[in-house]
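The primary structure of each chain is shown beneath.
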Amino acid sequence: MSSPIIALKIDVDTERGTRIGVPNLLNLFRELNIPATFLFALGPDNTGRAIKRIFRPGFLRKVTRSNVVGVYGWRTLLNGVLWPGPHIAKRHGNIMRDVRKQGHEIGIHCYDHIRWQDGVQKMSQAEVSAEFAKARNAFYDIFQTPASTAGAAGWQANEKSLSAYDDAKLLYASDGRGTHPFFPKVNNIIFKTLQIPTTLPTLDELLGRPEYPENNLIKYYISLLKTDQPNIFTMHAEIEGMAKLAWFREFLIALKQHGVVFEKMDDIAKALLTHPDKIPICELIQGTVDGRSGTLAVQG
């Protein structure tokens, strides 16, 4: 039986996560010789504006069990409300460049995380394209090269965002939740940008739930690994890179002991795209995921 392949996709949502979580993760990955894919929020950190989600079913329950205040800190949770949100790329471009210097993949998570996650479904095509262009421009300013991948904030994607990706000629994207790579189809339109979905539950979807005791989570994750498809684990710089860094280190060591092979997502994408005719076409729909509030993009 072949060894499981896993890609670590790090969503860097906030200024604090960029400033503290990313360097922590770089140190850990260097220690264990593990490659990863980092996707950055590149514009203002307006995390505090997420307060509007308080009326979303399941949001308060998730906030309580995942210790949001402890993870993000009060200052981050008030960004964009009591004071202007700090511009992440302008403050921490040097940290982002260091990620690339250390051999990891870099890409776009979003420009303004809250604006995309809470607003993209209501935006026009022109607004979606303009918001993504802001992220692409900020990325180019930092790295002096175009972005080749993106993973939508909050797994919020639709035909308008997929169209913007096709226009940008991305290598691949990772916008939704699913079981295997595919070319997305929405409203009978097949898009050209390969989707590599997150296949494993995120840590914040499991933390604090009695049916998933923390001392058993590593064993649970290992039980979910497949050998016939790449396993994609989306993590957050603010959680695995900060509040749960010690747990994450144990998790990585256990994966290595289990014989898991770590790959960057662009390497997985390049291998798949050598035979595009073998990649299935699947619907990208709006659905729900256990442990997460609201709807998000899922593989149909």
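One can find the structure itself at the top, above this paragraph.
Sequence positions are assigned chain by chain, starting from 1 and proceeding in written order. Residue-level local features of this predicted model are given only where pLDDT is at least 70; pairs of side-chain atoms are given and counted only at 80 or more, and the full residue set underlies all totals for whole chains, interfaces and linings. With hydrogens and water excluded, all non-hydrogen atoms of the structure serve as input to the side-chain values.

**Q** Help me out: how do you make sense of the packing of aromatic side chains in this one?
**A** Aromatic ring pairs: the centre-centre distance and the angle between the two ring planes describe each pair. Pairing of aromatic rings covers Phe, Tyr and the six-membered ring of Trp, with a centre-to-centre limit of 6.5 Å; geometry is then stacked below 30 degrees between planes, edge-to-face above 60, and tilted otherwise. In total, this model carries 13 aromatic pairs according to the counting rule given. On the basis of an interplanar angle of 50 degrees and a centroid distance of 5.1 Å, the ring pair of Phe132 and Tyr165 is categorised as tilted. Of this pair, Phe132 sits in helix H7 (residues 125–143) while Tyr165 sits in helix H8 (residues 159–168), placing them 33 residues apart in sequence. Throughout this description, buried means an accessible area under 20% of the type-specific maximum (1.4 Å probe, protein chains only), exposed means over 50%, and partly exposed covers the range between. With relative accessibility at 2%, the residue Tyr165 sits in the buried group. Taken together, the aromatic side chains of Phe29, Phe38, Phe40, Tyr212, Tyr220, Tyr221, Phe233, Trp247, Phe248 and Phe251 make up a single cluster linked through ring pairs. Directly above the aromatic system of Trp155 lies the positively charged group of Arg177, at a separation of 4.6 Å from the ring centroid. The way it works is that DSSP assigns letters per residue, a run of H or I at least four long becomes a helix, a run of E at least two long becomes a strand, and they are numbered from the N terminus. To sit over a ring, a charge needs its Lys NZ or Arg CZ within 6 Å of the ring centre and within 35 degrees of the ring normal.

**Q** When you look at the sheet that holds strand E6 (residues 183–186) in this model, what are you seeing that I'm missing?
**A** By way of backbone hydrogen bonds, the strands of a sheet pair with one another, either parallel or antiparallel. For two strands to pair, DSSP has to find at least two bridges joining them. Taken in spatial order, the four strands line up as E7-E6-E11-E12 in an open sheet, and their pairing is mixed. A single partner strand is all that each edge strand has here, and the edge strands are strand E7 (189–190) and strand E12 (296–299). As paired elements, strand E11 (residues 281–287) and E12 share four bridges and run antiparallel to each other. If you follow Gln286 over to E12, its bridge partner there is Ala297.

**Q** Quick question: what am I supposed to make of the nonpolar core here?
**A** Most often, soluble globular proteins keep nonpolar side chains buried together rather than apart. Buried residues of nine kinds, namely Ala, Val, Leu, Ile, Met, Phe, Trp, Tyr and Cys, make up a nonpolar core once their side-chain atoms join them within 4.5 Å. By size, the foremost hydrophobic cluster in this structure holds 74 residues, and its most contacted members are Leu8, Phe29, Phe38, Phe40, Leu42, Phe248 and Leu252. Counting residues per element, this core draws most heavily on H7, at seven residues. Apart from residues lying up to four places away in sequence, Leu252 is in contact with Leu8, Leu28, Phe29, Leu32, Ile34 and Phe262. Formed by 10 residues, the second largest nonpolar core is a distinct cluster that contains Ala7, Tyr172, Leu194 and Ala269. The contact criterion used throughout is that any non-hydrogen atoms of two residues lie within 4.5 Å.

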